[in-house]
Amino acid sequence: MQDAQHGDLAALLRSWRDRLSPIDVGLPAGDSRRASGLRREELAALAGLSVDYVVRLEQGRARRPSAQVAASLARALQLSDTERDHLFVVAGLLPPSPREVPSHIPPGVQRLVARLSESPLAVFTASWDLITWSPLWAALLGEPVRPAGGGRPNLIRSLFTGAALHDGEAAIVSRSGSVDAFGASLVADLRRVHGQYPDDRGVDALVTELTAANDTFRELWQSGAVGEHQSERKVVHSALVGDVELDCDVFSVAGTDLRIVAYTAATGSEAAAKLDFLRVSAVAALPVA
């Protein structure tokens, strides 16, 4: 039975890769492709895995992917929730619990992100872990920095501990609301998430860490305030183009509690011209296929 399961896993990964259009992940289709699906090296890059490991999975030689690898593959392959759960089962894993913060990005949201890649846009979990971002997001704010201890960059951790969320010199230099109001809004939002996903160990660990590390966070957490973080206007300082005043809007994805954060500027404005310059810089920095 186990061998049949592993064979099923290998076949499923190949079929899911073959059905996924490069356009839906933000890649050019190209005229030189022999098949319409993703190449193995493209799947590996999207999932943050080595090409050799993807090959071994598809050949049935790698038989026990971790839950983190399975989640990365499900996201990269744009699986539905049902397909994601099936991937976990055939890999010998328990599917994610509905009492844990979702980190799986539905296919429709992934296509939306890919097709809006000319905007500074990123997707966060309900607890503000950064999952994915557009090239222009990185050009504006810097490449996201993974914590030294592993895991994903987290906006709330960055705010209250000073841990870098992005590399480089870009910084948010002003907000329509104060920094104190921004922090209070995020903590109230985190308390709502903590109550909604009581079995999520990552949220528990984040609260424990920040309560011990930061007096302001501890006071805000102990206040018991519950809320939902809202959009605001910000000025971002970029090393390339200077100060850029942008609207920062937060959109919640129904059924997953994911947050899509997008920066925009009015057409014809000075800020829009600066984003255009950064967009050209981001495209120029992409590796040549």
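Residues numbered from 1 in each chain as written. Predicted model: local features only at pLDDT ≥ 70, side-chain atom pairs only at ≥ 80, totals over all residues. Heavy atoms only, no water.

A separate point is the overall build of the chain. Each helix and strand in the chain was counted, giving twelve helices and six strands. Here the chain has a C-alpha radius of gyration of 20 Å; the compact-globule value for 289 residues is 19 Å, and the two agree. Counting all 289 residues of the chain, 43% fall into the buried class. In the chain, 59% of the contacts between residues at least 6 apart in sequence involve partners at least 24 apart. About 14600 Å² of surface is accessible on the chain, with carbon and sulfur atoms providing 53% of the total. A gap of 7 Å separates the mean positions of the 29 positive and 35 negative side-chain charges of the chain. (Helix = DSSP H or I, 4+ residues; strand = E, 2+ residues; numbered from the N terminus. Rg over C-alpha atoms; globule rule 2.2 N^0.38 Å. Buried < 20%, exposed > 50% of the residue type's maximum accessible area, 1.4 Å probe, protein only. Contact = heavy atoms within 4.5 Å. Areas by Shrake-Rupley, 256 points an atom, 1.4 Å probe, with all protein chains shown as cover. Lys, Arg positive; Asp, Glu negative; His and termini not counted. Charge placed at Lys NZ, Arg CZ, Asp CG, Glu CD.)

What characterises a pair of aromatic rings is the spacing of the ring centres plus the angle enclosed by the ring planes. Scanning all chains against the criterion turns up five aromatic pairs. The interplanar angle of 65 degrees and the centroid separation of 6.1 Å between the aromatic rings of Phe 124 and Trp 137 together place this pair among those described as edge-to-face. A residue pair is termed long-range when its members are at least 10 positions apart, and Phe 124 in strand β1 (residues 121-124) and Trp 137 in helix α7 (residues 135-141) qualify at 13 residues. Accessibility assignment for this pair places Phe 124 and Trp 137 in one class, buried. With a centroid separation of 5.5 Å and an interplanar angle of 50 degrees, the aromatic rings of Trp 137 and Tyr 263 are classed as tilted. Taken as a pair, Trp 137 in helix α7 and Tyr 263 in strand β6 (residues 258-264) lie far apart in primary sequence, 126 residues in all. For Trp 137, a relative accessible area of 3% gives the class buried. Residue Tyr 263 is classed as buried on the basis of its relative accessible area of 3%. Feature note: the residues Phe 124, Trp 128, Trp 137 and Tyr 263 constitute an aromatic cluster, connected by ring pairs. The cationic tip of Arg 175 hangs over the ring face of Phe 182; the distance from NZ or CZ to the ring centre is 3.9 Å. (Phe/Tyr/Trp six-rings, centres within 6.5 Å; stacked < 30°, edge-to-face > 60°. Lys NZ or Arg CZ within 6 Å of the ring centre and 35° of its normal.)

Spatially, six strands are ordered β2-β1-β6-β5-β4-β3 in an open sheet, and the strand pairing comes out antiparallel. Edge positions in the sheet fall to β2 (130-133) and β3 (171-175), since each of these pairs with one other strand and no more. In this sheet, neighbouring strand axes are inclined to one another by 30 degrees on average, regardless of whether the strands run parallel or antiparallel. As paired strands, β1 and β6 are joined by four bridges and run antiparallel to one another. Considered in β6, the bridge of Phe 124 is made with Arg 259. (Pairing = 2+ DSSP bridges. Axes fitted to C-alpha atoms, helices over the stretch in contact; angles between N-to-C directions.)

This part is about the environment of Trp 128. Residue placement: Trp 128 occurs in the loop between β1 and β2. It is 5.6 Å that separates the C-alpha atoms of Trp 128 and Asn 154, two residues lying 26 residues apart in sequence. For Trp 128, the contacting residues outside a window of four places in its chain are Pro 153, Asn 154, Leu 155, Ile 156, Leu 186, Asp 189, His 229, Val 250, Arg 259 and Val 261. Engagement of the side chain of Trp 128 in a polar contact is seen with the side chain of Asp 189, the distance being 3.4 Å. (Polar contact = N/O pair within 3.5 Å; in protein donor to acceptor, adjacent residues only side chain to side chain.)

To continue, consider helix α10 (residues 201-213). A rise of 1.5 Å per residue sets the reference length of α10, with its 13 residues, at 18 Å; its end C-alpha atoms lie 18 Å apart and thus fit the reference within 8%. Along α10, the positions that sit buried rather than exposed are Val 203, Leu 206, Val 207 and Leu 210. An end-on view of α10 places all buried positions within 95 degrees of arc, on one side of the element. Exposed residues on α10 whose side chains face more than 90 degrees from its buried face are Arg 201, Thr 208, Ala 212 and Ala 213. If you follow the buried residues of α10, they end up packed against α8 (155-161), α9 (179-196) and α11 (215-222). Structurally, the start of α10 carries an N-cap: the backbone nitrogen of Gly 202 is 3.0 Å from a side-chain oxygen of Asp 200. (Expected span 1.5 Å × (residues − 1). Arc of directions from axis to C-beta.)

Okay, the layout of surface pockets next. Put simply, the second largest pocket is a space of about 510 Å³. If you trace the second largest pocket, you find 25 residues lining it, with Leu 155, Leu 165, His 166, Ile 172 and Arg 175 closest to the centre. For the lining of the second largest pocket, the elements supplying multiple residues, two or more each, are α7, α8, β3, α9, β5 (242-253) and β6. Partitioning the lining of the second largest pocket into residue classes produces 18 nonpolar, five polar and two charged. (1 Å grid on protein atoms, 1.4 Å probe; cavity = no way out; pocket = protein on both sides within 12 Å on 5 of 7 lines; lining within 4 Å. Points joined across faces, edges and corners; volume = space filled by probe spheres on them. Nonpolar A, V, L, I, M, F, W, Y, C, P; charged D, E, K, R; others polar.)

Spatial relationships are all this shows, so hold off on functional conclusions.
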